[in-house]
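Here are the chains, one letter per residue:
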Amino acid sequence: MSRRTTRFPVEGANSLWHVYKTVPFLKVVKNFAVIQLARYSPFLGMKNWLYRTFLGMKVGDQTSFALMVMLDVMFPEKISVGRNTVIGYNTTILAHEYLVKEYRLGDVEIGSEVMIGANTTILPGVSIGDGAIVSAGTLVHKDVAPGVFVGGNPMRVIYTKEEMAERLKM
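Below is a summary of the structure that appears in this document. Given the structure is predicted, the values throughout are model-derived calculations rather than measurements. (Residues numbered from 1 in each chain as written. Predicted model: local features only at pLDDT ≥ 70, side-chain atom pairs only at ≥ 80, totals over all residues. Heavy atoms only, no water.)

## Re the nonpolar core
(1) Moving on: Counting residues in hydrophobic clusters, the biggest one holds 41 residues, and the most contacted among them are Phe65, Leu71, Ile110, Ile122 and Ile128.
(2) Moving on: Secondary structure elements with two or more residues in this core: helix 2 (25-40), helix 3 (44-55), strand 4 (70-71), strand 5 (79-81), strand 9 (102-105) and strand 10 (108-110).
(3) Moving on: For this core, the element with the most residues is helix 2, which contributes four residues.
(4) Moving on: If near-sequence neighbours (up to four positions away) are discounted, isoleucine 110 is found in contact with Ser80, Val81, Gly82, Thr85, Ile87, Ile93, Ile122 and Ile128. (Core = buried A, V, L, I, M, F, W, Y, C linked by side-chain atoms within 4.5 Å. Buried < 20%, exposed > 50% of the residue type's maximum accessible area, 1.4 Å probe, protein only. Helix = DSSP H or I, 4+ residues; strand = E, 2+ residues; numbered from the N terminus. Contact = heavy atoms within 4.5 Å.)

## Quick look at helix 2
(1) Moving on: Its 16 residues place the ends of helix 2 23 Å apart at the C-alpha level, agreeing with the 22 Å of an ideal helix rising 1.5 Å per residue.
(2) Moving on: Three or more residues of helix 2 are buried, namely Val28, Asn31, Val34, Ile35, Ala38 and Arg39. Along the axis of helix 2, the buried residues cluster in a sector spanning 135 degrees; they form a single face. Opposite its buried face, helix 2 presents the exposed residues Leu26 and Tyr40, each directed more than 90 degrees away.
(3) Moving on: Close packing links the buried residues of helix 2 with helix 1 (19-22), helix 3 and strand 4. (Expected span 1.5 Å × (residues − 1). Arc of directions from axis to C-beta.)

## Focus on the sheet that holds strand 14 (residues 133-134)
(1) Moving on: Strand order in the open sheet formed by six strands is 3-6-11-14-16-17, with mixed pairing between adjacent strands. Every other strand in the sheet has two partners, leaving strand 3 (64-65) and strand 17 (156-159) as the edge strands with one partner each.
(2) Moving on: Of the strand pairs in this sheet, strand 3 and strand 6 (residues 86-87) are connected by two bridges, and their pairing is parallel. When the sheet's bridge partners are listed, serine 64 is paired in strand 6 with valine 86.
(3) Moving on: Helix 4 (residues 161-169) contacts strand 14, strand 16 (149-151) and strand 17 of the sheet and is inclined by roughly 30 degrees relative to strand 17. (Pairing = 2+ DSSP bridges. Axes fitted to C-alpha atoms, helices over the stretch in contact; angles between N-to-C directions.)

Shown next as structure tokens:
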């Protein structure tokens, strides 16, 4: 399935030149400060509280954001993460794309009990199902079904949910 984004055309200069017409400057400053504080914090509960309280994110209980995770600075409220999920070191989660002739916004939905490996990039408008595993260094450019193991660039299915269940029985 393709990504679910809403497209907003711009005229004249590229869409990034229009950034403060799309998102208030002070919101970006506040979000940047909160995200930078959380990126370096070793306190997982505090990170989740910061994200919920100041960024408007939905974050489930016992979810862990590792050091250096970079959330979308412009639209973090479009990101939701289920319970008991691990977001690996230096992962980037984007809810926007500023392109030359348009910008796009899309919700990012990460389920419960998901494992996201380090240095992964998640693009706007994707959903990662419950129990999925995303290998380190993956570019998540489309939906990930529940329980599957994906990886690579371009991302591909490494093990289906059924193959994962079989492997876990061994």
